Amino acid sequence: MSAVTERVVSARPDVKGPRKQAVGALRGVLGLLVVPAVLVVVWAIVASALDSLVFPGPLQAVSGLMDDLQRPSYRESVATSIRLLAISWVLAAAVGAAVGFVLGQSQFWSKVFQTPLFALYSIPKVTLYPIFLLLLGLGEPSRIVFAFLHGVFPVALLVMGATATLDRKLVRLADALELSWWQRVTKIVLPALLPTLLVAMRISFGLTFLGLVLAEMFSADVGLGRELVNNVANVRVEQIAGQVLFIGLLALGPVLAMLAIERRVKARVGIN
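Residues numbered from 1 in each chain as written. Predicted model: local features only at pLDDT ≥ 70, side-chain atom pairs only at ≥ 80, totals over all residues. Heavy atoms only, no water.

Structural notes on helix α10 (residues 224-233)
Given 3.6 residues per helical turn, the α-helix brings residues three or four places apart onto the same face. Residues Leu224, Gly225, Glu227, Leu228 and Asn231 constitute the buried set of α10. Projection of α10 onto a plane perpendicular to its axis shows the buried side chains occupying an angular sector of 160°, all on one side. The positive-phi residue at the C-terminal boundary of α10 is valine 235, with phi of around 55°. (Buried < 20%, exposed > 50% of the residue type's maximum accessible area, 1.4 Å probe, protein only. Helix = DSSP H or I, 4+ residues; strand = E, 2+ residues; numbered from the N terminus. Arc of directions from axis to C-beta.)

Structure representation (structure tokens):
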């Protein structure tokens, strides 16, 4: 092959690269959907085998959910829960990341606070909810704080551990480049902590959602938790199954999206 031909071949764009990435992304999405699809199939088979009025199948659950969604009060409950979930989760992610990052800067303080944070994380938060009701009342603040406490500790612990065990080579690189503190954080520390932060946010989302639904079940007059209690009290079996399915989909969608982003980031930085 002549030198000119080699230059032409080397100058051709690599069309297989983007195609492989697209195929890999599609496989990743399909892989994430396998477990939910299998669960739905198993659910349909079990419901068909039992043929019981108290165990509706997926089609009956969807029908019950459609009936609920036609009510303005239910749509208001959905909007309220999504709004409170967004507020609680953003606060949990921001506060947890900030606390974890600050404590992780010092090996001493990270060791000092590690055990108390784990102890607080292990306490069943539902036992503390009466205290929130006494301090904050029956309004939205008590629900937000309760959901926030479910999600903030995993973020703080994971970010603190990642910061405390940050590769010392990166620190020496920052010293060699004579970077300022802000440049160290934005150019070196944050990119190194990003995979851990994404994992922490994904875990925190599910726990925050759980805390919010529990709070709504206990004291709210509007919200998905309140609607679930109403359906149980009125023995609306199809609506109960439909709402459980709906809550699962609301939780699953963002989690799958974050997991896909997390995999892309890890692949970019070379983490398996």
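Let's pick the thread back up.
Details of the nonpolar core
Grouped burial of nonpolar side chains is what soluble globular proteins tend to show. Tyr74, Phe209, Leu224 and Phe246 are the most contacted members of the largest nonpolar core, which totals 17 residues. If you list the elements that add at least two residues to this core, you get α4 (72-104), α7 (140-164), α9 (181-219) and α11 (237-269). When residues of this core are assigned to their parent elements, the largest contribution, five residues, is made by α4. If we ignore the near neighbours within four places in the chain, the residues touching phenylalanine 209 are Leu85, Leu224, Ile247, Leu250 and Ala251. Among the nonpolar cores identified, the runner-up in size contains 13 residues, and Leu117, Phe146, Val152 and Met160 belong to it. (Core = buried A, V, L, I, M, F, W, Y, C linked by side-chain atoms within 4.5 Å. Contact = heavy atoms within 4.5 Å.)

Considerations on the UniProt feature "transmembrane region" (unreviewed entry) in the chain
UniProt annotation of "transmembrane region" (unreviewed entry) refers to residues 29-50, 82-104, 116-138, 144-167, 188-220 and 240-261 when read in the numbering used here. Its end C-alpha atoms 36 Å apart, residues 144-167 is made of 88% helix and 0% strand. Regarding residues 240-261, the helix share stands at 100% and the strand share at 0%, and the terminal C-alpha atoms are separated by 32 Å. (UniProt positions renumbered as here; feature names shortened; annotations may be inferred.)

Here we look at a nonpolar patch on the surface
A surface patch of nonpolar side chains, amounting to about 780 Å² of accessible area, comprises Val34, Val35, Val38, Leu39, Val42, Val46, Leu50, Val54 and Phe55. With respect to the helices, strands and loops of the structure, valine 46 is situated in helix α2 (residues 16-50). Here valine 46 falls in the partly exposed class, since its relative accessible area comes to 33%. (Patch = residues over 30% accessible without salt bridge, like charges linked within 9 Å, V, L, I, M, F, W, Y side chains within 5 Å. Areas by Shrake-Rupley, 256 points an atom, 1.4 Å probe, with all protein chains shown as cover. Salt bridge = Lys/Arg side-chain N within 4 Å of Asp/Glu carboxyl O.)

Some words on the side chain of histidine 150
Relative to the helices and strands, histidine 150 resides in helix α7. For histidine 150, a relative accessible area of 10% corresponds to the buried category.

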